[in-house]
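# Residue-level structure breakdown
Here is what each chain is made of, one letter per residue.
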Amino acid sequence: QVQLVEFGGGLVQAGGSLRLSCAASGSILRINDMGWYRQAPGKQRELVAAVSSGGSTNYADSVKGRFTISRDNAKNTVNLQMNSLKPEDTAVYYCNAAAWVTSPYRKLELWGQGTLVTVSS
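Here is a short report on the structure shown in this document. (Residues numbered from 1 in each chain as written. Predicted model: local features only at pLDDT ≥ 70, side-chain atom pairs only at ≥ 80, totals over all residues. Heavy atoms only, no water.)

## Re the sheet that holds strand E3 (residues 18-25)
The strands that make up a sheet are held in pairs by hydrogen bonds between backbone atoms, and each pair lies either parallel or antiparallel. Strand order across the open sheet formed by four strands is E1-E3-E8-E7, with antiparallel pairing between neighbours. Every interior strand has two partners, whereas the edge strands, strand E1 (3-7) and strand E7 (67-72), have only one. On average, adjacent strands in this sheet sit at an angle of 15° to one another, irrespective of strand direction. When E7 meets strand E8 (residues 77-82), the two strands line up antiparallel, connected through six bridges. (Pairing = 2+ DSSP bridges. Helix = DSSP H or I, 4+ residues; strand = E, 2+ residues; numbered from the N terminus. Axes fitted to C-alpha atoms, helices over the stretch in contact; angles between N-to-C directions.)

This is the structure we're talking about:
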């Protein structure tokens, strides 16, 4: 079974830091883009940050300069370091990956189960 499993999240005070990690497992040949999305109560899911297999990154304007995305292609993992957290960063964070898998050979869009990040003021 191909899946994404997330780690991290929790409760932190404003100005604090958290690190989210995500690992892909299963019959994966390669992963193209990996990223993190978030969904706050009553809002649509939005892209937070993404990283290509070549290391190119893309960030939402609201997190630029505060969040850093990184990945390890050999381990099929992606991390999100979140610094200077604000109450408006409170949301469920989802890992996402575009992966080529075997048995049968096909491309899948994978989502993690979500992890809650709560930033108190």
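## Observations regarding the pattern of salt bridges
Throughout the structure, instances matching the rule amount to four salt bridges. Measuring nitrogen to oxygen at the nearest pair gives 3.0 Å for the salt bridge that ties aspartate 89 to arginine 38. You can see aspartate 89 sitting in the loop between E8 and strand E9 (91-101) and its partner arginine 38 sitting in strand E4 (residues 28-39), a full 51 residues away along the chain. The same class applies to aspartate 89 as to arginine 38, namely buried. We note a salt bridge from arginine 66 to aspartate 89, for which the minimum N-O separation is 2.8 Å. One end of the pair, arginine 66, is in the loop between strand E6 (57-59) and E7; the other, aspartate 89, is in the loop between E8 and E9, with 23 residues separating them in the sequence. This pair shows no difference in class: arginine 66 is buried, exactly as aspartate 89 is. The structure contains a network of salt bridges with shared partners spanning Arg38, Glu46, Arg66 and Asp89. (Salt bridge = Lys/Arg side-chain N within 4 Å of Asp/Glu carboxyl O. Buried < 20%, exposed > 50% of the residue type's maximum accessible area, 1.4 Å probe, protein only.)

None of the figures reported here should be taken as evidence of function without further support.
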